[in-house]
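Secondary and tertiary structure notes
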Amino acid sequence: DVKVTQSSRYLVKRTGEKVFLECVQDMDHENMFWYRQDPGLGLRLIYFSYDVKMKEKGDIPEGYSVSREKKERFSLILESASTNQTSMYLCASSQTFNPETQYFGPGTRLLVL
Amino acid sequence: SQQGEEDPQALSIQEGENATMNCSYKTSINNLQWYRQNSGRGLVHLILIRSNEREKHSGRLRVTLDTSKKSSSLLITASRAADTASYFCATASNTGGFKTIFGAGTRLFVKA
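Our subject in this report is the structure included herewith. What you see is a predicted model; the values in this text were computed from it and never measured. Per chain, residue numbering runs from 1 following the sequence as it is written. Each chain is given a letter, starting from A, and each ligand a number, starting from 1, according to the order in which they appear as written. A pLDDT threshold of at least 70 governs which residues receive local features in this predicted model, and a stricter bar of 80 or more applies before side-chain atom pairs are shown or counted, although totals over entire chains, interfaces and linings include all residues. Computation of side-chain values: all heavy atoms of the structure, hydrogens and water removed.

Looking at the overall build of chain A
Helix and strand assignments come from DSSP, with helices taken as H or I runs of at least 4 residues and strands as E runs of at least 2, each series counted from the N terminus. Helix and strand counts for chain A come out as zero helices and eleven strands. Each helix and strand of chain A, placed in order from N terminus to C terminus, yields the pattern β-β-β-β-β-β-β-β-β-β-β. For the radius of gyration, the atom set is restricted to C-alpha positions; the globular benchmark scales as 2.2 Å times the number of residues to the power 0.38. Relative to the compact-globule value of 13 Å for 113 residues, chain A shows a C-alpha radius of gyration of 13 Å, a close match. For chain A, the C-alpha atoms occupy an extent of roughly 40 × 25 × 25 Å along the three principal directions. Partitioning the contacts of chain A with sequence separation of at least 6, the portion at a separation of at least 24 is 55%. Accessible surface is estimated by sampling points in the Shrake-Rupley manner with a 1.4 Å probe; for residues, cover comes only from the protein chains shown. If you sum the accessible surface of chain A, you get close to 5,400 Å²; carbon and sulfur atoms cover 51% of it. Positive charges come from Lys and Arg, negative ones from Asp and Glu, while His and the chain ends are left out of the count. We put the charge of a Lys on NZ, of an Arg on CZ, of an Asp on CG and of a Glu on CD. Averaging the coordinates of the 15 positive side-chain charges in chain A and doing the same for the 15 negative ones gives two points 7 Å apart. The contact criterion used is simple: two residues touch if any of their non-hydrogen atoms lie within 4.5 Å.

Have a look at this one:
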């Protein structure tokens, strides 16, 4: 069964803290994605990765960085969390030969105080 | 700006009724997909329709695509309370690099 897991369901951090969000998939997928979801705005792509150690900026990369040291793991890093980064963060993965069908994790709801 | 925009933003129906959600997009696409999201959870892929297809079925789901109008519809027949969720359309194109863009979603509430 296809599985994408995220390290935390809920997270509360303070402004200025460094935040790590982890995502792991067990499907041997090449592509991995980080989105944020805000009411009325749908999903917006932050970063994605086609392969290990490769990363591409999405539509809203500012204030974020990513790391993909292993194929199954894709980390999202908030270098210095700000209140406007309070959001739901969704990780997804897909295969190279079927890139459009993405499999999502359960999401991490992050609150930055 | 968003590529896919769903309409209506919210929909409330009785169990057993059909639910229709619409999606409009702006630029040419390779395919269009519909996803479902239960409250506080991740998205689940429902169905994909390619740009050269006009209609596709999967169980109680029926999706249509009209590329001339740049629009798609998702029909859920004989709805159930368990269908209560948000539904998103997502458009994919490889113009300028592979990209999938999600709309803001339609919130469907099915009353038992």
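After presenting the structure, the write-up continues.
Observations concerning a nonpolar patch on the surface
The grouping of Val12, Leu111 and Leu113 of chain A at the surface amounts to a nonpolar patch, some 260 Å² of accessible area in total. If you trace the backbone, Val12 of chain A turns up in strand β2 (residues 10–13). Nonpolar side chains (Val, Leu, Ile, Met, Phe, Trp, Tyr) within 5 Å and like charges within 9 Å form the patches, drawn only from residues with over 30% relative accessible area and no salt bridge. When a carboxyl oxygen of Asp or Glu is within 4 Å of a side-chain nitrogen of Lys or Arg, the pair counts as a salt bridge.

Focus: the nonpolar core
We define the nonpolar core as a collection of buried residues of types Ala, Val, Leu, Ile, Met, Phe, Trp, Tyr and Cys that are connected through side-chain atoms lying within 4.5 Å of one another. Three labels apply to residues, based on accessible area from a 1.4 Å probe with only protein chains included: buried if under 20% of the type maximum, exposed if over 50%, partly exposed otherwise in between. Trp34, Ile46, Leu76, Leu78 and Tyr89 of chain A are the most contacted members of the largest nonpolar core, which totals 21 residues. At the level of secondary structure, the elements contributing two or more residues to this core comprise β3 (19–25), β4 (31–38), β5 (42–49), β7 (64–70), β8 (73–78), β9 (87–95) and β11 (108–112) of chain A. Residue contacts for Tyr89 of chain A: discarding those within four places in its chain leaves Gln6, Leu21, Trp34, Tyr35, Arg36, Ile46, Tyr64, Leu76, Leu78, Gly107, Thr108 and Leu110 of chain A. Counting residues in each nonpolar core, the second largest holds 20 residues, with Ile29, Ile49, Tyr87 and Leu108 of chain B among its members.

Section: the packing of aromatic side chains
Note on aromatic contacts: the rings of Phe and Tyr and the six-membered ring of Trp form a pair at centre separations within 6.5 Å, being stacked when their planes are under 30 degrees apart, edge-to-face when over 60 apart, and tilted otherwise. The final tally for this structure, using the stated rule, is nine aromatic pairs over all chains. Taken together, a centroid distance of 6.2 Å and an interplanar angle of 25° make the contact between Phe33 of chain A and Phe48 of chain A stacked. Taken together, the positions of Phe33 of chain A in strand β4 and Phe48 of chain A in strand β5 put the pair 15 residues apart, joining distant regions of the chain. An identical accessibility class is assigned to Phe33 of chain A and Phe48 of chain A; each is buried. Consider the rings of Phe104 of chain A and Phe102 of chain B, whose centres lie 5.9 Å apart with planes at 85°: the pair is edge-to-face. Of this pair, Phe104 of chain A sits in strand β10 (residues 98–104) while Phe102 of chain B sits in strand β10 (residues 99–102), placing the two residues on different chains.

Observations concerning the sheet that holds β3 of chain A
Residue and element names in this part refer to chain A. Strands sit in the order β1-β3-β8-β7 across an open sheet of four strands; the sheet is antiparallel. A strand with exactly one partner marks an edge of an open sheet, and here the two such strands are β1 (4–6) and β7. For this sheet, the mean angle separating the axes of adjacent strands, direction not counted, is 20°. Strand direction decides the pairing type here: β3 and β8, joined by six bridges, are antiparallel. Counterpart to Glu22 in the pairing with β8 is Ser75. Here a strand pair is declared whenever DSSP counts at least two bridges between the two strands. Only the contacting stretch of a helix is used when fitting its axis, a line to C-alpha atoms as for every element, and angles between N-to-C directions run 0 to 180 degrees.

What about the pairing of strand β6 (residues 55–58) of chain B?
Residue and element names in this part refer to chain B. Both β6 and strand β7 (residues 61–66) contribute to a ladder of four bridges, which runs antiparallel. By the bridge assignment for β7, Glu55 is matched with Thr64. Where β6 folds back on β7, the antiparallel hairpin that results is connected by two residues, among which Gly59 adopts a positive phi of roughly 60°.

A closer look at the pattern of salt bridges
Going through the model one piece at a time under the given rule, you end up with eleven salt bridges over all chains. With a closest N to O distance of 3.5 Å, Lys18 of chain A and Glu79 of chain A form a salt bridge. You can see Lys18 of chain A sitting in the loop between β2 and β3 and its partner Glu79 of chain A sitting in the loop between β8 and β9, a full 61 residues away along the chain. Its relative accessible area of 45% is what places Lys18 of chain A among the partly exposed residues. For Arg36 of chain B, the salt bridge goes to Asp83 of chain B, with nearest N and O atoms at 3.9 Å. Taken together, the residues Arg36 of chain B in strand β4 (residues 31–37) and Asp83 of chain B in the loop between β8 (71–76) and β9 (85–93) connect sequence positions 47 residues apart. The burial state of Arg36 of chain B is the same as that of Asp83 of chain B; both residues are buried. Because the salt bridges share partners, they merge into one network encompassing Asp28, Glu30 and Lys71 of chain A.

Shape descriptors only; they carry no functional weight alone.
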